[in-house]
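Descriptive structure summary
Spelled out from the first residue to the last, the chains are:
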Amino acid sequence: MTRRVWWIAVALAATVAITGGALGSNASTGGTTKLRLLDVSDKFEFVDVGRPATGEGDFSPGDMLIFENILRNARGTRDVGDFISNCTMSVPPMALCRGTLWLEDGKIELSSAVNFADADIIHTAVTGGTARYKTARGHAILGEEVAEGVRELTVVLVR
């Protein structure tokens, strides 16, 4: 699997919620809160179903990309949670992806369709959450790689 595809999936797994400044750089204006985090690659699994893959990026319907990444504050100085996500190929290179941001005070749910042929930056929806984030809604952007195995993750929450 190509490094680009791997990062794209990692990215989805892309993305978060309101944290009162503890997680990263926060900016609040009007009814929105912007949270900036780093998504750090950690564990990855590829599940090949149906037609066997013959090379990197050779997906078939049902193939899965499973990620478990580390979330860090925007400066990269403190771990603030985990980002668990999976992408299932529907009509390759299109995949349906969902992820959960596991934070100290609750979870944030993400969901998106991703075209792995063109996904340097991934936009995803914040679809809900638990505990402190039980009314979470908004969107997240998993940006380009800023260092080896590290991508910026920006979450915009709407009140």
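Data block above holds the structure.
Summary of the structure given here. Just so you know, these numbers come straight off a predicted model, no measurement behind them.

**Comments concerning a nonpolar patch on the surface**
Residues Val47, Val49 and Ile66 make up a contiguous nonpolar surface patch of roughly 170 Å² in combined accessible area. If you trace the backbone, Val47 turns up in strand β2 (residues 32–47).

**A few points about the pairing of strand β9 (residues 150–158)**
Extensive coverage of β9 is indicated by the burial of seven of its nine residues. Pairing geometry for β2 and β9, over nine bridges, is antiparallel. Within β9, the residue paired with Thr32 across the bridge is Val158. Strand direction decides the pairing type here: strand β8 (residues 138–147) and β9, joined by seven bridges, are antiparallel. When the bridges of β9 are listed, Glu145 appears paired with Arg151. If you look at the hairpin formed by β8 and β9, you'll find two residues sitting between the two strands, and Gly149 has a positive phi there, around 75°.

**Remarks on the state of the cysteines**
Taken as a whole, this structure holds one disulfide when the rule is applied. One disulfide in the model links Cys87 with Cys97; its S-S distance is 2.2 Å. As the torsion about the S-S bond is roughly 120°, the Cys87-Cys97 disulfide counts as right-handed. Here Cys87 is found in strand β4 (residues 79–89), whereas its partner Cys97 is found in strand β5 (residues 94–103), with 10 residues between them in sequence.

**A closer look at the pattern of salt bridges**
Inspection of the entire model under this criterion finds five salt bridges. As a salt-bridge pair, Arg78 and Glu104 come within 3.6 Å of each other at their nearest N and O atoms. Within this pair, whereas Arg78 is found in the loop between β3 (64–73) and β4, its partner Glu104 is found in the loop between β5 and β6 (106–115), the two being separated by 26 residues in sequence. We note a salt bridge from Glu109 to Arg98, for which the minimum N-O separation is 2.6 Å. Of this pair, Glu109 sits in strand β6 while Arg98 is found in strand β5, placing the two residues 11 residues apart along the sequence.

**Considerations on the nonpolar core**
Among the nonpolar cores identified, the biggest contains 28 residues, and Ile108, Phe116 and Leu153 are the most heavily contacted of them. Listing elements by their share of this core, those giving two or more residues are β2, β3, β4, β5, β6, β7 (122–129), β8 and β9.

Each value, and the rule that gives it
Residues numbered from 1 in each chain as written. Predicted model: local features only at pLDDT ≥ 70, side-chain atom pairs only at ≥ 80, totals over all residues. Heavy atoms only, no water. Patch = residues over 30% accessible without salt bridge, like charges linked within 9 Å, V, L, I, M, F, W, Y side chains within 5 Å. Areas by Shrake-Rupley, 256 points an atom, 1.4 Å probe, with all protein chains shown as cover. Salt bridge = Lys/Arg side-chain N within 4 Å of Asp/Glu carboxyl O. Helix = DSSP H or I, 4+ residues; strand = E, 2+ residues; numbered from the N terminus. Buried < 20%, exposed > 50% of the residue type's maximum accessible area, 1.4 Å probe, protein only. Pairing = 2+ DSSP bridges. Disulfide = S-S within 2.5 Å. Core = buried A, V, L, I, M, F, W, Y, C linked by side-chain atoms within 4.5 Å.

Nothing here speaks to function; it is all geometry.
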